[in-house]
Amino acid sequence: MVMMAGLLFMAVLVIVPFTLASARHLVVRSGRPGWLSHRLAARTRSGGLGLGATATEELHAFFNANKRVQIEERRTQMVMRDDDHAGAPPRTGIDLNGGTAVVRRRQ
């Protein structure tokens with residue numbers, strides 16, 4: 001009986017968020033009802049994961065410790081600064097408007 005309750009609980013953890021995410025996807029794609037579609041579409045522009053994806057990843061992390069490391073690494077990468085250069089002076093320069101390219105040789 002306890003095992004059956006545990007399986008039902010796990011099924012609810014997966015099925016309910018997946019069903020809600022699917023319904024959200026259908027509403028956003030169809031555009032009906034309009035007020036709900038606009039409200040849900042405004043949330044998707046933030047670039048975060050949806051409810052279904054987050055719930056599935058957390059459930060996966062519950063059973064697999066490596067997934068937890070992956071999630072934490074992704075969060076770390078999101079807050080770290082991403083510079084285009086590594087502190088070295090630029091060797092190339094391309095001016096698209098002027099139609100020129102500059103390549104400097106290493107000395």
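Before any of the text, the structure's been laid out above.
Residues numbered from 1 in each chain as written. Predicted model: local features only at pLDDT ≥ 70, side-chain atom pairs only at ≥ 80, totals over all residues. Heavy atoms only, no water.

A. View of the overall build of the chain. For the chain, the count of helices and strands is four helices and two strands. Listing every helix and strand of the chain by position from the N terminus yields α-α-α-α-β-β. Looking at the chain as a whole, 10% of its 107 residues qualify as buried. Long-range contacts, defined here as pairs at least 24 residues apart, represent 23% of the contacts in the chain between residues at least 6 apart. (Helix = DSSP H or I, 4+ residues; strand = E, 2+ residues; numbered from the N terminus. Buried < 20%, exposed > 50% of the residue type's maximum accessible area, 1.4 Å probe, protein only. Contact = heavy atoms within 4.5 Å.)

B. Region of interest: helix α4 (residues 65-79). Compared with the 21 Å implied by 1.5 Å per residue over 15 residues, the 22 Å span of α4 between its first and last C-alpha is a close match. Looking at where α4 begins, the residue whose side-chain oxygen comes 3.2 Å from the main-chain nitrogen of N66 is N64. (Expected span 1.5 Å × (residues − 1). Polar contact = N/O pair within 3.5 Å; in protein donor to acceptor, adjacent residues only side chain to side chain.)

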